[in-house]
Amino acid sequence: MCSDEWITPEWGGTSVFERYTTSFIDPIVAVFSNPAYQDLQIVTILEPGYLASLITSLNIPACQVVQEPGGAVDCLQYAINALNTVLNVYIYMDVAYSG
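Residues numbered from 1 in each chain as written. Predicted model: local features only at pLDDT ≥ 70, side-chain atom pairs only at ≥ 80, totals over all residues. Heavy atoms only, no water.

### Quick look at the overall build of the chain
Secondary structure summary: the chain contains three helices and two strands in total. Here the chain holds 99 residues, and 31% of them are scored as buried. Relative to all contacts within the chain whose residues are 6 or more apart in sequence, the contacts with residues 24 or more apart total 74%. Of the roughly 6,300 Å² of accessible surface on the chain, a fraction of 58% belongs to carbon and sulfur atoms. (Helix = DSSP H or I, 4+ residues; strand = E, 2+ residues; numbered from the N terminus. Buried < 20%, exposed > 50% of the residue type's maximum accessible area, 1.4 Å probe, protein only. Contact = heavy atoms within 4.5 Å. Areas by Shrake-Rupley, 256 points an atom, 1.4 Å probe, with all protein chains shown as cover.)

### Describing the side chain of Asn-88
Looking at where Asn-88 falls in the secondary structure, it is placed in the loop between α3 (72–83) and β2 (89–93). The class for Asn-88 is buried, based on a relative accessible area of 11%. Reaching out from Asn-88, the side chain makes a polar contact with the backbone oxygen of Leu-40 at a distance of 2.7 Å. Leave out the neighbours within four places in its chain, and Asn-88 touches Phe-32, Tyr-37, Gln-38, Leu-40, Gln-41 and Ile-42. (Polar contact = N/O pair within 3.5 Å; in protein donor to acceptor, adjacent residues only side chain to side chain.)

### A few points about the environment of Thr-44
Residue position: Thr-44 is located in strand β1 (residues 42–46). C-alpha separation for the pair Thr-44 and Val-89, spaced 45 residues apart in sequence, amounts to 7.0 Å. Leaving out residues up to four positions away in the same chain, Thr-44 has contacts with Phe-32, Leu-83, Val-89, Tyr-90, Ile-91 and Tyr-92.

### Section: the nonpolar core
The biggest cluster of nonpolar side chains holds 17 residues, and the ones touching the most others in it are Ile-25, Val-29, Phe-32, Leu-46, Leu-83 and Val-89. Mapped by element, the contributors of at least two residues to this core are α1 (13–32), β1 and α3. Every residue in contact with Val-89, bar those within four places of it in the chain, is listed here: Phe-32, Ile-42, Thr-44 and Leu-83. (Core = buried A, V, L, I, M, F, W, Y, C linked by side-chain atoms within 4.5 Å.)

Shown next, in the form of structure tokens:
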């Protein structure tokens, strides 16, 4: 089943993308980009649990919002692209779980 955070109206579509990018990802990238941290190797963990829903739940209309423009897939792509702008940041993605 898809996560409720992607199917509630206040989190659907463009508003979730704007909130995710400006409230979460951009501030994190700003901190990591600080020259004081340039000699550190920073590992970030992205755990998009909803990716499994792309396979198992897209037949449920309410879950289809994860792949709509500005939805979860776009948010994940934005996070990856933004974090990749910082040369000393490494991304670990935990994209699925067994249970």
